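Structural features, examined
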Amino acid sequence: MILEYFLPDRCFRSFDKLTPERLQRLGIRGLILDIDNTIAPYEEAMPGKRALEWFHEMEAAGIRIAFVSNNEAERVDLFNRDLGYPHFSKSGKPLGKNVRRAMRAMGTTRKNTALMGDQIFTDILAARLAGLKRTFLVPPIKDKTDWLTQGKRLLEKPILYAYRKKAALLNLKRRRKNHAE
Ligand SMILES: [Mg+2]
């Protein structure tokens with residue numbers, strides 16, 4: 001079904017709800033991150049304290065990180081200055097090109113790379129088009145109020161509804177299974 005293309009595997013309340021343990025359990029070795037509204041609001045030039053801690057937790061667990069952003073090089077370079085991760089600006093997501101480049105830079109594959117972002121029609125779709133199996137969605141930290149963004153959010157609604165239905169079904173199955181064991 002076409003909807004599957006847009007459906008994230010998992011939604012989290014914020015980026016740091018995704019733990020290195022979960023990624024390890026899934027066999028993930030590389031994590032591609034959107035920056036704006038996923039890790040930091042637009043107006044914050046540098047990663048915050050929590051983001052830095054979280055990056056270090058990921059590194060300690062052997063998870064590689066790369067940034068794939070649609071924003072300008074200036075923003076992305078500065079954000080990444082003290083981190084030195086592979087980083088790609090003006091990525092043109094939902095095109096998968098820079099997602100594939102990021103995997104090459106991390107030395108990971110479609111199977112052991114995950115992506116996290118705040119937009120279904122750019123981030124999640126880019127990951128799918130690049131062939132990634134694992135995608136994670138977070139709500140935008142601080143959403144823009146322009147009509148284009150608002151329109152995109154409206155279009156995301158049926159997909160988020162489908163996600164919640166699927167998640168509820170999976171939970172039910174899991175509970176039944178646990179009950180049976
Ligand atoms: Mg974003």
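Anything mentioned here points back to the structure above.
Presented here is a report on the structure given in the accompanying data block. (Residues numbered from 1 in each chain as written. Predicted model: local features only at pLDDT ≥ 70, side-chain atom pairs only at ≥ 80, totals over all residues.)

1. Let's talk about the overall build of the protein chain
Put simply, the rule is: Helix and strand definitions follow DSSP, with helices as H or I runs of at least four residues and strands as E runs of at least two, each counted in order from the N terminus. In this treatment the radius of gyration is a C-alpha quantity, and the globule benchmark scales as 2.2 Å times the residue count to the 0.38 power.
For the protein chain, the count of helices and strands is six helices and six strands. Moving toward the C terminus, one meets the helices and strands of the protein chain in the order β-α-β-α-β-α-β-α-β-α-β-α. Scaling as 2.2 N^0.38, a compact globule of 181 residues should have a C-alpha radius of gyration of about 16 Å, and the protein chain matches this with 16 Å. Along the three orthogonal principal directions, the C-alpha set of the protein chain runs to about 55 × 40 × 30 Å.

2. Some points on the pairing of strand S6 (residues 134–137)
Convention followed: Any residue surrounded by 20 or more other C-beta atoms within 10 Å of its C-beta is treated as buried, while 12 or fewer makes it exposed and the intermediate range makes it partly exposed; C-beta atoms here are placed from the backbone. Strands are treated as partners if at least two bridges between them are detected by DSSP. Viewed with both strands pointing away, a crossover whose connecting path from the first strand over the helix to the second turns clockwise is right-handed.
The two faces of S6 match: Arg134 and Phe136 on one face and Thr135 and Leu137 on the other face are all buried. Pairing analysis gives four bridges linking strand S5 (residues 113–117) to S6, with the strands arranged parallel. By the bridge assignment for S6, Ala114 is matched with Arg134. Crossover S5 to S6 through helix H5 (residues 120–129) is right-handed.

3. Details of helix H3 (residues 73–80)
The following threshold applies: In this context, the arc is that of the directions from the helix axis out to the C-beta atoms. What counts as a contact is two residues whose backbone-derived C-beta atoms lie within 7 Å of each other.
All of the buried residues in H3 are Val76, Phe79 and Asn80. Axial view of H3: buried residues confined to an arc of 90°, hence all on one face. Exposed residues on H3 whose side chains face more than 90 degrees from its buried face are Glu74, Asp77 and Leu78. Packed against the buried residues of H3 are strand S3 (64–68) and strand S4 (87–88).

4. A few points about the pairing of S3
In terms of residue burial, S3 counts as a mostly covered element, since four of its five residues are buried. Direction of pairing for strand S2 (residues 30–33) relative to S3: parallel, over a ladder of four bridges. Its bridge partner being in S3, Ile32 is matched across the sheet by Ala66. In this view, the connection linking S2 to its parallel neighbour S3 by way of helix H2 (residues 49–60) has right-handed handedness. Relative to S4, S3 runs parallel, the two being bridged by two bridges. Paired with Phe67 across the strands is His87, a residue of S4. Tracing the backbone out of S3, into H3 and back to the parallel element S4 gives a crossover that is right-handed.

5. Section: the sheet that holds S5
Ordered in space as S1-S6-S5-S2-S3-S4, the six strands form an open sheet in which the pairing is parallel. Lying at the two open borders of the sheet, with one neighbouring strand each, are strand S1 (10–11) and S4.

6. Section: unusual backbone geometry
For the peptide bond that leads from Lys93 to Pro94, omega is 20°, which places it in the cis range. Residue Asn37 is not a glycine yet carries a positive backbone phi of 70°. Mapped onto the fold, Asn37 is located in the loop between S2 and H2. Even without glycine at this site, Lys90 takes up a positive phi of about 45°. Tracing the backbone through its elements, the reader meets Lys90 in the loop between S4 and helix H4 (97–106).

In short, the description is geometric, and any link to function would need to be established separately.
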